[in-house]
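Descriptive structure summary
Chain by chain, the residues run as shown.
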Amino acid sequence: MTTRLTVAQALVRFLAAQYTERDGVRQRLISATWGIFGHGNVAGLGQALVEYGDEMPFHQGRNEQSMVHAAVGYARQSNRLSTHAVTTSIGPGATNLVTGAALATVNRLPVLLLPGDIFATRVADPVLQQLEVPYAGDISVNDCLRPVSKYFDRVTRPEALIPAALQAMRVLTDPVETGAVTLALPQDVQAEAHDWPEEFFAERTWVVRRPGADPTELAEAVQAIRTAQRPLVIAGGGVHHSRAEEALAEFASATGIPVASTQAGKGSLRHDHPQDVGGVGHTGTATANELARQADLVIGVGTRYTDFTTASGTLFAADGVRFLNLNIAPYDGHKLAGAPLVADARSGLQELTGALRLHDHRVTGAYVDEYTLDKERWEQRVDACYEADEPDIRPTQPQVLGALDALVDESDVVINAAGSLPGDLHKLWRARSRDQYHLEYGYSCMGYEIPAAIGVKMAAPDRNVWALVGDGTYLMMPTEIVTAVQEGIAIKLLLIQNHGYASIGGLSETVGGERFGTAYRYQSDDGTYTGAPLPVDLAANVASLGMRVLRAKTVRDLRAALEEARAADTPTCVYVETETADTVSGAPPAQAWWDVPVAETATRPSAVKARELYERHVSTRRRHL
């Protein structure tokens, strides 16, 4: 039996019949499609989505990159078991996908990209927006998506859709390989009819595996833990992807081993769990980083060991320190010359806990007392940052976070990606649930927060979802506010005005750049941006896009506005102005180094001093072999 459909119609019907299953729970793999239409997809996928709108929900976007961010936010909140597709026209619509695709792939989050492409038949050549490549006729701008996709195919014939679509689903559902998947669809092929076997449209369930550990690797891991005096767990995003939080809590409670977290892993333990010692690395806590410096065994669970986590190779400083890496991806399991324990995070932790209980293994009471006391001291520093003795003055950024921290409960989700906020949040935020803390810091992409909040709210409609955004990030990509208003998606936007690129301004100062080009000010006579602040009213801009805005001038105003916004059932923004960019934070300084190379030769004193400090830090770097 066959059915005659266009390629686009066949693809929509196929996607509507794909499911995932893990731990006995089954759900749609592609639960909706985002799109902006142009000549590359309007007559193909656009018509197909009209034809089969009862099978495939559709969402209208304003920017192609932000549509990917919304899909990624949805996928992360859905534990990578469900995601969205994104369709665009050819040309700039397609190339706008590249940043979102890179973000998805870096963070190992599934999203299906369906950009339109040039004519496969070449009958109309060049078409509008086509890139002509004199040395190769089969290249289009969509090839930009190859290096940022985990799977890429260009469907140049109807028959090619079947293997391409099946391979795309395989990659999207593979916990090792997942990321952005791209099926480039020439616009003539999208509209071409073909006789499709009915089996192509049958429901398929893709089982997401939970592989256990190899017995030899498990035995070696148990021995490494039993012989360690100062072990430390580094919990990464893989803990959340696996839903291994309870298994980690059981492992930590049974062994007494402290748990530090990366940006992606924060919330793996609740902030008040006895073994939770906070964020680790450049933006981490003093407690976690001191433990890392003295650890003789670092147990990475679902972490990629980025430079922020390792303090650019300077953090794990103890002589003879070893690494044990529990990771479902062998590539990450072998990092830092570690002993790999290749397994699903939940399965591996459960096996480790069971084996260690057989030996009644637990770290010494003195070690537990040490990190418990250090954690108490750090919490006192957090309290001091959050405290606002004078409620009628303009808040600092940590006081803004403190006001939100005092209001939310475990059902709220806090989303951020870039600027000075990630550092403050990693150090200070008290995560109350496994998925409250949603930081996209693998790619740290400005503009992620608002569309991602929409995706998260779609996946968790009963949760309060907060997008925390600075003025620099807001100006990058505010457009999906219109989408939230249009679809009645009641996200909460906390917009912090600090008059510039605060994070990079601070970094610039430390590396000898003297905050050049980082403040939002008029140009002075010398060509630098050191004049008066710009008269930009971001709150008015938010309101012009249809979102309700609550302005807060003081700490007292802020508390009231946040409470009102949290209770709102429509998209609502709280706008607050903090101190200027050069005094934005007030949080404790970095507790570990980050390598940003400094000019080797310079005449300006700030750069000379920065280079001297840089060389001192570089001298402490080590390679773990």
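The rules behind the values
- Residues numbered from 1 in each chain as written.
- Predicted model: local features only at pLDDT ≥ 70, side-chain atom pairs only at ≥ 80, totals over all residues.
- Heavy atoms only, no water.
- Helix = DSSP H or I, 4+ residues; strand = E, 2+ residues; numbered from the N terminus.
- Rg over C-alpha atoms; globule rule 2.2 N^0.38 Å.
- Buried < 20%, exposed > 50% of the residue type's maximum accessible area, 1.4 Å probe, protein only.
- Contact = heavy atoms within 4.5 Å.
- Areas by Shrake-Rupley, 256 points an atom, 1.4 Å probe, with all protein chains shown as cover.
- Pairing = 2+ DSSP bridges.
- Right-handed = clockwise from strand over helix to strand, strands pointing away.
- Phe/Tyr/Trp six-rings, centres within 6.5 Å; stacked < 30°, edge-to-face > 60°.
- Lys NZ or Arg CZ within 6 Å of the ring centre and 35° of its normal.
- Salt bridge = Lys/Arg side-chain N within 4 Å of Asp/Glu carboxyl O.
- Expected span 1.5 Å × (residues − 1).
- Arc of directions from axis to C-beta.

**Observations concerning the overall build of the chain**
The number of helices and strands found in the chain is 24 helices and 23 strands. Its C-alpha radius of gyration of 25 Å places the chain within 12% of the 25 Å reference for a compact globule of 625 residues. C-alpha atoms of the chain, sized along the principal axes, occupy 70 × 70 × 55 Å. In the chain, which comprises 625 residues, the share counted as buried stands at 59%. Counting contacts in the chain only where the partners sit at least 6 residues apart, residues at least 24 apart contribute 77% of the total. Carbon and sulfur atoms make up 52% of the accessible area of the chain, which amounts to about 24,400 Å² in all.

**Some words on the pairing of strand β22 (residues 548–552)**
Where β22 and strand β23 (residues 572–577) come together, five bridges link them in parallel fashion. Across the sheet, Ala-552 pairs through a bridge with Val-576, a residue of β23. Since β22 and β23 lie parallel, the crossover through helix α23 (residues 555–567) that links them has a hand, and here it is right-handed.

**Quick notes on the packing of aromatic side chains**
Taken as a whole and judged by the stated rule, the model has 11 aromatic pairs. Each ring, one from Phe-308 and one from Tyr-441, has its centre 5.2 Å from the other, and the planes form 70 degrees; the classification is edge-to-face. Of the two residues, Phe-308 sits in helix α12 (residues 307–310) while Tyr-441 sits in the loop between β19 (437–439) and α18 (449–459), which places them 133 residues apart along the sequence. Relative accessible area serves as the criterion here: at 12%, Phe-308 is assigned to the buried category. By relative accessible area, which is 22% here, Tyr-441 ends up partly exposed. One aromatic cluster in this structure is built from Phe-14, Trp-196, Phe-200 and Phe-201. Seen from the ring of Trp-429, Arg-432 lies directly overhead, with NZ or CZ sitting 6.0 Å from the centre. Positioned above the aromatic ring of Tyr-575, the side-chain terminus of Arg-551 is 5.8 Å from the ring centre.

**Section: the pattern of salt bridges**
For side chains bearing opposite charge, pairing can occur when the charged atoms are close. Inspection of every chain in the model, using the stated rule, returns 37 salt bridges. Asp-392 serves as the salt-bridge partner of Arg-556, at 2.8 Å between the closest nitrogen and oxygen. You can see Arg-556 sitting in helix α23 and its partner Asp-392 sitting in the loop between α15 (365–386) and α16 (397–405), a full 164 residues away along the chain. A salt bridge links Arg-463 to Asp-435; the nearest nitrogen and oxygen atoms lie 2.8 Å apart. Of the two residues, Arg-463 is situated in the loop between α18 and β20 (465–470) and Asp-435 in the loop between α17 (421–428) and β19; the sequence distance between them amounts to 28 residues. Accessibility assignment for this pair places Arg-463 and Asp-435 in one class, buried. Overlapping salt bridges, with partners in common, bring together Arg-243, Glu-245, Arg-434, Asp-435 and Arg-463 in one network.

**Quick word on helix α24 (residues 605–618)**
Counting along an α-helix, one turn takes 3.6 residues, and residues three or four places apart therefore face a common direction. Taking 1.5 Å per residue as the helical rise, α24 with its 14 residues ought to reach 20 Å, and the 20 Å between its terminal C-alpha atoms agrees with that figure. For α24, the set of buried residues is Ala-607, Ala-610, Arg-611 and Tyr-614. Take α24 and look down its axis: the buried residues cluster within an arc of 105 degrees, on one side only. Among the exposed residues of α24, those oriented more than 90 degrees off its buried face are Pro-605, Lys-609 and Arg-616.

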